[in-house]
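# Residue-level structural notes
Residues per chain are reported as follows:
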Amino acid sequence: MEFRRRAVAAAVAGLLAATALAAGSQQATAGPQDPAAKPNGWHVGTPPLSTPWTADVSPANALPEYPRPQLTRSKWQNLNGLWEFAPAATGEAPPIDRTLAEQVLVPYPIESALSGIQRHEDRMWYRRTFTVPSSWKNQRLVLHFGAVDYVAKVWVNGRQVATHRGGYDGFDVDVTNVLKRSGPQELIVWAEDLTDETFQPVGKQREVADHGIFYQGSSGIWRTVWMEPVARSSIDRLQLTPDLPSSSLKLTADTSGPAGLDVEATAYDGSKIVGKANGKADTELTLPIKNPKLWSPDSPFLYTLKVKLVDRGKTQDEVGSYSGMRSVGKVKGADGKLRLALNGKILFNLSTLDQGFWPDGLNTAPTDEALKFDLEQHKVLGFNTVRKHIKVEPDRWYYHADKLGLMVWQDMPAAKTDPIPGPWRDQFKAELHEMVEEHRSFTSITTWIPFNEGWGEWDLAETGRIADSVKAQDPSRLVNAHSGMNCCDSLGDSGRGDVIDHHAYLGPATSAPAGDRVAVDGEHGGFGLKTPDHMWFGDGFAYEMTPDKATLTRRYVENQRDVLRSANSCGISGSVYTQITDVEGELNGFFTYDRQVPKMDFAQVRAVNTAIIKGADGTGTSGPTPPPGTPGADGIHFYPLDGTTEDAVGTKDATLQGGAVFAPGKNGQGVALNGSSQFVDTGAQLLDTANSYTATAWVKLNKADGAFQTIVSQDGDRDSAFFLQYSGADQRFAMSFPGQRALAPIKPNPDQWYHLTGVRDAAKGELKLYVDGELVATESACSLDATSTGNAVIGRGKFGGNPVDYLDGTVDQVHFFDRALGVEEVRALYTSGR
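A few points on the structure. (Residues numbered from 1 in each chain as written. Predicted model: local features only at pLDDT ≥ 70, side-chain atom pairs only at ≥ 80, totals over all residues. Heavy atoms only, no water.)

## Things to note about the overall build of the chain
Our working rule: Numbering of helices and strands runs from the N terminus; a helix is a DSSP stretch of H or I covering at least four residues, while a strand is a stretch of E covering at least two. Here the globule rule is a power law, 2.2 Å times the number of residues to the power 0.38, and the radius of gyration is based on C-alpha atoms. For every residue, the accessible area obtained with a 1.4 Å probe (protein chains only) is divided by the maximum for its type, and the residue is called buried under 20%, exposed over 50%, and partly exposed between those limits. Computed with a 1.4 Å probe, the accessible areas rest on the Shrake-Rupley method; for each residue, only the protein chains presented here act as cover. For the charge count, each Lys or Arg is scored as positive and each Asp or Glu as negative, with His and the chain ends excluded. Here the site of a charge means NZ on Lys, CZ on Arg, CG on Asp, or CD on Glu.
Along the backbone of the chain there are seven helices and 53 strands. On C-alpha atoms alone, the chain measures out to a radius of gyration of 30 Å, which is about the 28 Å that the 2.2 N^0.38 rule sets for 834 residues. Across its three principal directions, the C-alpha atoms of the chain cover 95 × 60 × 50 Å. Here the chain holds 834 residues, and the buried ones make up 61% of them. A total accessible area of about 29,200 Å² is found for the chain, and carbon and sulfur atoms account for 49% of it. Computing the positive centroid from 82 side-chain charges and the negative centroid from 102, the chain places the two 7 Å apart.

Shown next as structure tokens:
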């Protein structure tokens, strides 16, 4: 399957020949109407927070760096800087030869302070002029747009030359044939960005931030705009794939111009030639590299490349590039569990969630130094991986990751959380495949993630097909079909891809590898700290707030030690901590949102992170064999609830709480609960949750809507050790750990009695759910809790340190067993009505 660049739009033909290129210099020359020549009237806005780089930004140095590190040429011009700007009315004609009233600093999105506009517009005009260097004579002229959010149209000298749809991918256009013979050339861009009013891929952007997990949107031009001269026959893109088994680099030069030209590729280690290859353009070449130096986080070695396009011995084009030699895969550890591997060896992927938002530039980092800063801090903190969370960055971000030695899990930017409707589904898939196509040569990217927590997901089988299509497009990397398949708006596990990815806050997740898929914790943590004068809204939130830096550091270290336990006990081989910096109202970063204040003791952070990467080596650990438990059909504790809360087989009598009352039950009487404050408290820890156990009950729900309801649980320090529950998110019964659920297949009916049995089999590492005596769900699960020491309770749960999920219904015949019941025992218990 081939995915060609759909973003390229053809120029209007037949106006002027290529020889009409006019005079100029390597830096963009200001013409008489060029707004860069008249900065009066423009000023930078005032962001709610300033970064260390805010004051470094000016019209003279707006991201001046070469924007395309993997395909370099010596001649180019940066078109960033001041452009004219105006809102655009629906259907309005382009402002050809007309000065616009405002000025905007490109490439900062118009909502950002750095743009100087600092407001949202659904539709907008950009305008500037440029001149073309005389040294570019007799060559084609290509304009490059790094990214325009979301729909863009481009005019040069009054002629429309391009239309593009997609906010995270670039597009190019050859404008040679619309250029004037000399003097200023007029460039106009129209952009439309309706953000979350449509189902376009937006990631975390919203037109209006919600003070929660969605942030201020970024509209219009937000990556570098530039131009370069190219020959009639030229190289458009290099596709680079290392192949360690053959000690070679697979290289394809995609070209424009006549077919059948030759390609000469040379690899260098410094100034030393280490490999050469010759072949035809637009076909895959094998560039041998004997005894290659491997790229890794500890040694991110990159080979320099030179590639020539040759026609009958004459060089038509020459470009520079680079690549690292590495492989991405899966390897079984000594404990038999499948784990992530780099270069054929197990390497735990220790990551943060990196969202790439900035208080001064929003989607656009203020400077290249700032863009690199967050990645550098990952290395300082001891991480070896970055999850680029539902955003796509400029090429230079991946270049910095390549140079620094950071593996990247690359998300596809999500649409809104609702299922994507039919008219937008093909657009989502097209932008996904374009993202892969544009980034598949970066060494640092090891994993593609099409979906996050079910956001936009419309069909579980289609999720699997999409994962398969990405794998077919790029077999050299892993595909994580669905990060957080256990969470939120997810439709569940498609069974496809290379990864089982669970999210658990505070976590970590305790999923286990199965079949040919590794297991990872795609998000966990989220500990927060308020930092006065460094908060976007003056306040904010986290999954767990802490009072000071020392406590925040301690909680992080404790949580990461659990990551190591999950790696060794359960077999996760990657984890993602939320997050590298605060973002707007989220206060759970290692840094404040402005990057001004480190919030933890970084020495302690690095020490525990280093220990995880070293210790999660696949040798694993095995816990003690669970004891056989107590025989008998009624368990170690039994509450018939027939007008009394006495324990019929043990000594732990329960009490009614909050005004709970006896009512007609399944067998005699039961206890009616109101869903808000009432429950039954056994007053004691009844189960050793480090071992196997079973809880059973008859239950009749008064309602079956989106609210969670707990039938039986046992309190832990923060959360219940388990939940035998009605899961409101899924509207089905479940046997759950926090973040993991063995789910019944169908929704229950209110006012109908059901017999529920939740089994924890510690020896097999499984959760099982039985409904009316039949096994309906099994979930692989590994628990890190030594034991919960809180009370066993009927009719509520505990989460985040608080009582939650009260049962609205009637419960009867509650049993607790200190062993995992089998199928026949559960069926007999159901048949007995007890």
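There is more to say after this.
## A closer look at the state of the cysteines
Definition in use: We call a pair of cysteine sulfur atoms a disulfide whenever their separation is within 2.5 Å.
As enumerated under the stated definition, the model contains two disulfides in all. The disulfide bridge from Cys487 ends at Cys488, spanning 2.0 Å between sulfur atoms. Of the residues examined, Cys487 reaches a relative accessible area of 18% and is grouped as buried. Residue Cys570 pairs covalently with Cys782 via a disulfide, S to S 1.9 Å. Residues Cys570 and Cys782 share a disulfide whose torsion about the S-S bond is about -70°; that sign makes it left-handed. A residue pair is termed long-range when its members are at least 10 positions apart, and Cys570 in the loop between helix H5 (549-569) and strand S36 (572-578) and Cys782 in the loop between strand S49 (774-780) and strand S50 (792-794) qualify at 212 residues.

## Here's the deal with the packing of aromatic side chains
Aromatic rings considered in pairs are described by the distance between their centres and by the relative angle of their planes. Short version of the rule: Aromatic rings from Phe, Tyr and Trp, taking only the six-membered ring of Trp, are treated as a pair when their centres fall within 6.5 Å; an angle between ring planes under 30 degrees marks them as stacked, one over 60 as edge-to-face, and anything in between as tilted. By the criterion adopted, a ring carries a charge over it if an Arg CZ or a Lys NZ lies within 6 Å of its centre and within 35 degrees of its normal.
One pass over the structure, following the stated rule, counts 35 aromatic pairs. Their ring planes at 85° and their centres at 4.8 Å tell us that Phe301 and Tyr303 sit as a pair that is edge-to-face. For Phe301, a relative accessible area of 19% gives the class buried. Here Tyr303 falls in the buried class, since its relative accessible area comes to 4%. Relative to Tyr399, the ring of Tyr322 lies with its centre 5.7 Å away and its plane at 65°, an arrangement referred to as edge-to-face. Of this pair, Tyr322 sits in strand S21 (residues 314-323) while Tyr399 is found in helix H2 (residues 395-404), placing the two residues 77 residues apart along the sequence. Taken together, the aromatic side chains of Trp53, Trp358, Phe373, Phe591 and Phe602 make up a single cluster linked through ring pairs. Between the NZ or CZ atom of Arg206 and the centre of the ring of Phe214, over which it lies, the distance is 3.9 Å.

## Some words on empty space enclosed by the protein
As a reminder of what qualifies: Using protein atoms alone on a 1 Å grid, points that fit a 1.4 Å probe yet trap it form a cavity, whereas open point sets bounded by protein on both sides within 12 Å along at least five of seven lines form a pocket; residues with an atom within 4 Å of a point count as lining. Grid points are joined across faces, edges and corners, and a volume is the space filled by probe spheres set on the points. Under the scheme applied here, ten amino acids are nonpolar (Ala, Val, Leu, Ile, Met, Phe, Trp, Tyr, Cys and Pro), four are charged (Asp, Glu, Lys and Arg), and all others, including Gly, are polar.
All told, the structure shown has six cavities of 30 Å³ or more when counted by the stated rule. Computed from the structure, the largest cavity encloses a volume of approximately 660 Å³. Along the wall of the largest cavity there are 36 residues; nearest its centre are Pro67, Arg68, Gly146, Pro394 and Asp395. With four residues, strand S15 (residues 234-243) is the single largest residue contributor to the lining of the largest cavity. Residues that form the lining of the largest cavity fall into these classes: 12 nonpolar, 11 polar and 13 charged.

## Quick word on the sheet that holds strand S9 (residues 171-174)
Heads up, the rule is: Here, any two strands with at least 2 DSSP bridges between them count as paired.
Pairing is antiparallel across the open sheet formed by four strands, whose spatial order is S1-S14-S5-S9. Each edge of the sheet is formed by a strand with only one pairing partner; in this case those strands are strand S1 (77-78) and S9. Across two bridges, the pairing between S1 and strand S14 (residues 225-230) is antiparallel. Across the sheet, the residue bridging to Gln77 is Met227, located in S14.

So far we have only geometry, and geometry alone does not tell us how the molecule works.
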